[in-house]
Amino acid sequence: MLRLTALHLDNFGPYKGRQTVTFPSEDGVTIIYGENMRGKTSLLNAIRFAFFGRILGRGRRDAALHLVGNWEEAKDRGVYGFDVRLDMTYDGIKYRLTRSFRPRPGIKTPEDDADYEQSHFLERDGIPLGPHQTKTELERILPEQISRFFLFDGELLQEYEDLLVAESDMGPKISEAIERILGLPLLTNSRNSLSAARERAEARYSRAAQGDQKTREFGNQLTSLQEERAVLVADLERQETELDELRKQKTALEEAMRKSQRLASLLDKRDGLERELVELRAKLQAKRSDIGSSMSTAWSALIVNKMKASLDHLRDRETQLQTALIRTAVLRSLSLEGQTTCPACLQPVSDSARQHVHDSLVQHGGLAGATEEQELASIRRKIDAVSKSVNAANPEALRLKWQAIEQDDRDIYSKQNEIKSLTSQIEGVNEDELRRTRSDFELTIRQISLLEQGLSDTRDSLQHNTTYRENIQRKLDRFAGSSFDVERKRSVLAADLEKMFTEGIEVFREQLRKRVEVDATEHFRQLTSEADYAGLRINDSYGLSIVHKDGTGIPVRSAGAEHIVALSLVAALQNNAPLRGPIIIDSPFGRLDTIHTNKTVAAMPNMSRQVIVLVYEDELPPVRAREGLGKHLKAEWKLERRSARHTELVLRKD
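Since we're looking at a predicted model, the values are computed, not measured.

## Considering the packing of aromatic side chains
Reasoning step 1: This structure, assessed with the given rule, holds seven aromatic pairs.
Reasoning step 2: Where F51 meets F52, the ring centres are 5.8 Å apart and the plane angle is 35 degrees; that geometry is what we call tilted. F52 carries the same exposure label as F51, and that label is buried.
Reasoning step 3: Each residue in the set F12, F49, F82, F101 and Y116 is aromatic and connected to the rest through ring pairs, giving one cluster.
Reasoning step 4: One cation-aromatic arrangement involves R513 over Y542; the distance from NZ or CZ to the ring centre is 6.0 Å.

Pasting the structure below:
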């Protein structure tokens, strides 16, 4: 088992100068208290740097190392870089691992990682090891691929949730890491060796078949299929490597997008406002054109009352003229010879009456005539013109149009001010880079999709190749003579051994999953406060879902529930892994309520023989930790602030 005994820091992050935190040799829990931004995550990264020469930032991406050195030492004394030394035991052997990150010779003021050089060495029982031995020993003590199960931080929770999503990018990587910590590579590597042996045996068999007249054609076909398979396997490995790189790139781009999400949102909002501004200005121009036409008759609104009075007068005169003309027409009709009936009332008209009408017409000059008709036509033209002006004189409609224009002006002014405000907020941001990140992300998604389809096609081709080879092999076996019987038996033996290991791996993998499920369920029951939860159910990717006591799954889980499940998985892996080691947890209670926090604290000694917890006091008050852990609490440390970039490691004795 791996056990940490001490961590020595020299200007690492906020830990100014040389500082040391020691860990008890007894099984139990060590708690390191520190407020936010005091250096808890830096301790986790210091251990990671010691083992692997790298630290992780947001999105689990490599962070720049030149920014890790203590700022005060660099500013006040011109001391750049840092050292980390880790004392530990593994299977009873003492190791001391030292890793440094210092400026290159001749560089007084380094500015980026390229201005530094990294060095490390490992001592075993006080004896320094060479580079090759150091690499071999470190890979044996703690392989980086499984370090996520020992150096545990909050961002890993999302990765564990991906185990439940079949199409997630991280799920397969975590599943592979889980099987690695459980020791499955010992079998898969053996199976791969047998696969290579089978291929060599088949190649020898096909070459032997080519030397026989009866089986030459089969041997040629087998050789051709083996060559095709080699090409397909190489292509498959290339595609898998490319897909892995693309998925890493996708993860990095996702993190870059999350990191700049607010800026991207501001940029989107500004772009949207600019589009709205263009549309608003176009609409405003149309409204101005419309009101320009309306304003050509706007003057009429000023004299509309006079126009209405004039219109009434004209209509009265029109009525008078119409009456006069009708009366004249009737009288003339009555005066005509032979007219015996009144055209108006259809009553008989006497001769004396007709004469009276005739005399009246003569006396009055014929009453209304051509002059009145001309005046009536003129009056009607005036009525039509004045009516149009009166109808156009609509001050309320004009007022509404002007209000709409004024509102658009205000909206334009408001949007312009908002655009200015947004522009000031994203000032200094490389907008082209931000857009390029989005474009790269979309391109990466398309490339992943195409590559996944290519992988599927290549696997189908490999399966077809295998089926065809097996058919040729059976035919060859029927014609094969004793001259190359040894090669045939060797090929059959290699194939049988490969099949046996393949089937054994599946059986062992299923046994591992069941063991992890049982142990994870046991830890989950200790951690959860929900009586209706019966336990956990594992899937093929080692994802764990909560099971209700009625046997059904819980489809939606809270953040706190995900936290509990992830902790249960880590504890179960520790119980079943050939490689055992400390669990170092950064802020494990942030998403848990008081009850679950208490249960988690009480269960920690069962998760691993050495547990190191990094918390702030509001997250886990010391009194609650002491009550929950009792004799299993072996040490308490505190990160005391000296300045913004200076934290002291202090052993608590109160």
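## Regarding the side chain of S643
Reasoning step 1: Within the element layout of this structure, S643 appears in strand β13 (residues 633–643).
Reasoning step 2: Residue S643 is classed as buried on the basis of its relative accessible area of 16%.
Reasoning step 3: Those residues in contact with S643 that lie beyond four places of it in its chain are R38 and E72.

## Observations concerning the side chain of T30
Reasoning step 1: With respect to the helices, strands and loops of the structure, T30 is situated in strand β3 (residues 28–33).
Reasoning step 2: Given a relative accessible area of 4%, T30 falls into the buried group.
Reasoning step 3: Once you skip the residues sitting within four places of it in the chain, T30 turns out to touch F23, P24, V611, I612, V613, A635 and W637.

## Observations regarding the pairing of β3
Reasoning step 1: Summarising burial for β3: six of the six residues are buried, a large majority.
Reasoning step 2: Bridging between β3 and β13 involves five bridges; their strand directions are parallel. Counterpart to I31 in the pairing with β13 is E636.

## Overview of the nonpolar core
Reasoning step 1: Ranked by size, the top nonpolar core spans 94 residues in total, and within it L7, I31 and F51 carry the most contacts.
Reasoning step 2: Looking at this core element by element, the count peaks at 10 residues for helix α15 (residues 559–576).
Reasoning step 3: Not counting residues up to four positions away in its chain, the partners in contact with I31 are V613, V615, L620, A625, L629, L633, A635, E636 and W637.
Reasoning step 4: With 11 residues, the next largest nonpolar core counts L311, I379, I383 and V386 among its residues.

## Details of the environment of I419
Reasoning step 1: Mapped onto the elements of the fold, I419 is located in helix α12 (residues 395–425).
Reasoning step 2: Here the alpha-carbon distance between I419 and G272, two residues 147 residues apart in the chain, equals 9.6 Å.

## Some details on the environment of K638
Reasoning step 1: Its location among the elements puts K638 in strand β13.
Reasoning step 2: Along the primary structure K638 and I32 are separated by 606 residues, whereas in three dimensions their C-alpha atoms are 5.6 Å apart.
Reasoning step 3: Contacts of K638, omitting those with residues within four sequence positions, involve Y33, E617, E648, L649, V650 and R652.

## Here we look at helix α17 (residues 622–629)
Reasoning step 1: The complete set of buried residues in α17 reads P622, A625 and L629. Along α17, the residues classed as buried sweep out an arc of 60 degrees about the axis, all on the same side. Seen from the open side of α17, the exposed residues pointing more than 90 degrees away from its buried face are V623 and E627.
Reasoning step 2: In this structure, the buried residues of α17 make contact with β3, α16 (594–603) and β13.
Reasoning step 3: Just downstream of α17 lies G630, where phi reads positive at about 60 degrees.

## As for the sheet that holds strand β5 (residues 93–103)
Reasoning step 1: Across the sheet, which stays open at both edges, the six strands sit in the order β2-β1-β4-β5-β6-β7 with antiparallel pairing between neighbours. Unpaired on one side and paired on the other, β2 (15–22) and β7 (127–128) mark the two borders of the sheet.
Reasoning step 2: Contacting β1 (2–12), β2, β4 (82–90), β5 and β6 (116–124), helix α1 (residues 40–52) crosses the sheet at an angle of about 105 degrees to β1.

## Topic: unusual backbone geometry
Reasoning step 1: You will see that M37, though not glycine, has its phi angle at about 70 degrees, which is positive.
Reasoning step 2: Take M37: it is sitting in the loop between β3 and α1.
Reasoning step 3: For D91, which is not a glycine, the phi torsion comes out positive at approximately 55 degrees.
Reasoning step 4: Here D91 shows up in the loop between β4 and β5.
Reasoning step 5: Among the residues examined, D91 registers a relative accessible area of 51% and is labelled exposed.

## Observations regarding a nonpolar patch on the surface
Reasoning step 1: Nonpolar side chains collect at one region of the surface, where L493, L497 and M500 lie side by side and expose about 270 Å² of accessible area between them.
Reasoning step 2: Take L493: its relative accessible area is 51%, and that puts it in the exposed class.

## Things to note about the pattern of salt bridges
Reasoning step 1: Evaluation of the coordinates by the stated rule reveals 37 salt bridges.
Reasoning step 2: Across the pair D27 and R609 runs a salt bridge, and its minimum N-O distance is 3.2 Å. With D27 in the loop between β2 and β3 and R609 in the loop between α16 and β12 (610–615), this residue pair connects regions lying 582 residues apart in the sequence.
Reasoning step 3: You can call R609 partly exposed: its relative accessible area is 44%.
Reasoning step 4: For R238, the salt bridge goes to D235, with nearest N and O atoms at 2.3 Å. Here D235 and R238 lie together in helix α7 (residues 216–259), a separation of three residues that amounts to about one turn.
Reasoning step 5: Exposure remark for R238: the relative accessible area of 38% places this residue in the partly exposed category.
Reasoning step 6: Relative accessible area serves as the criterion here: at 24%, D235 is assigned to the partly exposed category.
Reasoning step 7: Where salt bridges share partners, they join D10, R18, D83 and R102 into one cluster.

What counts, and at which threshold
Residues numbered from 1 in each chain as written. Predicted model: local features only at pLDDT ≥ 70, side-chain atom pairs only at ≥ 80, totals over all residues. Heavy atoms only, no water. Phe/Tyr/Trp six-rings, centres within 6.5 Å; stacked < 30°, edge-to-face > 60°. Buried < 20%, exposed > 50% of the residue type's maximum accessible area, 1.4 Å probe, protein only. Lys NZ or Arg CZ within 6 Å of the ring centre and 35° of its normal. Helix = DSSP H or I, 4+ residues; strand = E, 2+ residues; numbered from the N terminus. Contact = heavy atoms within 4.5 Å. Pairing = 2+ DSSP bridges. Core = buried A, V, L, I, M, F, W, Y, C linked by side-chain atoms within 4.5 Å. Arc of directions from axis to C-beta. Axes fitted to C-alpha atoms, helices over the stretch in contact; angles between N-to-C directions. Patch = residues over 30% accessible without salt bridge, like charges linked within 9 Å, V, L, I, M, F, W, Y side chains within 5 Å. Areas by Shrake-Rupley, 256 points an atom, 1.4 Å probe, with all protein chains shown as cover. Salt bridge = Lys/Arg side-chain N within 4 Å of Asp/Glu carboxyl O.

All we've got here are geometric facts, nothing functional implied.
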